Amino acid sequence: MARIVSDRANKTDQVVLLPSSLEDPTKAPPGAYRILIWTACGSISAFFAALVIAYIWRAGMMSYWQQIRLPRVLWLSTALILASSVTLEIARRFFRRGEWRVADRLLLTTATIGVAFLAVQLVAWRDLLAQGAYLMDNPHGAFFYLFTGLHAAHLLGGLIALFVVVFGRRKRRELVDVVAYYWHFLTVLWLILFEVLRTV
């Protein structure tokens, strides 16, 4: 039986090797994680943008709107999430150089700072409750709980992804990059939410 071979086989002396992910259907093809995370970040951005618009609109009505005092501890949580982005970016660069042990330590440091961020957010919630700002009584307080709670839930997903990278058997550079992109996105998102809550 005649073998069908592309005419390119006679025009090159090099062998083209396909990535294993293209041969194995159980593995994601190159770039799939990046497309997935950018799509997710776009959806999350649209969702929070809608919430911010609703928050600004509701604040402008002023009916039943009681201004709450934002907990000062939020400045600490802001510093923590910025620090976590720095350690994660350093870890990503070490990973690129093949220094996986150092990168793993820095990734665990990032995760620890992330847990501290969530703990500080709980302290902020307790402060609001001490002020008497409950979820259903005051729209300003309700938006605060909504913003911080949803952001914390997304950050929890980032923590899970960090642990998958650190303790996973196969370490792929693309996966580390994607987790870093997502974490930096959450950092920027928090800065925007914090500024909106602080100024509106």
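As the structure is a computational prediction, the values presented were derived from the model and not from experiment.

Draft legend 1. View of the pattern of salt bridges. Summed over the entire model, instances satisfying the criterion amount to seven salt bridges. For the salt bridge of Glu-89 with Arg-92, the shortest nitrogen-to-oxygen distance reads 2.8 Å. Taken together, the residues span about one helical turn, with Glu-89 and Arg-92 both in helix H3 (residues 73–96) at a distance of three residues. With a closest N to O distance of 3.1 Å, Arg-92 and Asp-177 form a salt bridge. Of this pair, Arg-92 sits in helix H3 while Asp-177 sits in helix H6 (residues 173–199); the two residues are 85 residues apart in sequence, bridging distant segments of the chain.

Draft legend 2. Broad picture of the nonpolar core. If you look at the biggest cluster of nonpolar residues, it comprises 49 residues, and the most contacted ones within it are Phe-144, Phe-147 and Leu-162. Looking at this core, the elements with two or more residues in it are helix H2 (32–61), H3, helix H4 (100–131), helix H5 (139–167) and H6. Among the elements that make up this core, the one with the highest residue count is H6 (14 residues).

Draft legend 3. Expanded view of the packing of H5 against H6. One can describe the packing of H5 onto H6 by two numbers: an axis separation of 10 Å at closest approach and a directional angle of 165°. For the element pair H5 / H6, the angle class is roughly antiparallel. In the crossing of H5 with H6, the sense of the turn from one axis to the other is left-handed. Residues of the contact of H5 with H6, tallied by class, amount to 17 nonpolar, six polar and no charged.

Analysis parameters
- Residues numbered from 1 in each chain as written.
- Predicted model: local features only at pLDDT ≥ 70, side-chain atom pairs only at ≥ 80, totals over all residues.
- Heavy atoms only, no water.
- Salt bridge = Lys/Arg side-chain N within 4 Å of Asp/Glu carboxyl O.
- Helix = DSSP H or I, 4+ residues; strand = E, 2+ residues; numbered from the N terminus.
- Core = buried A, V, L, I, M, F, W, Y, C linked by side-chain atoms within 4.5 Å.
- Buried < 20%, exposed > 50% of the residue type's maximum accessible area, 1.4 Å probe, protein only.
- Axes fitted to C-alpha atoms, helices over the stretch in contact; angles between N-to-C directions.
- Parallel < 35°, antiparallel > 145°, perpendicular 65-115°, else oblique.
- Left-handed = near helix turned anticlockwise from the far one by under 90°.
- Nonpolar A, V, L, I, M, F, W, Y, C, P; charged D, E, K, R; others polar.

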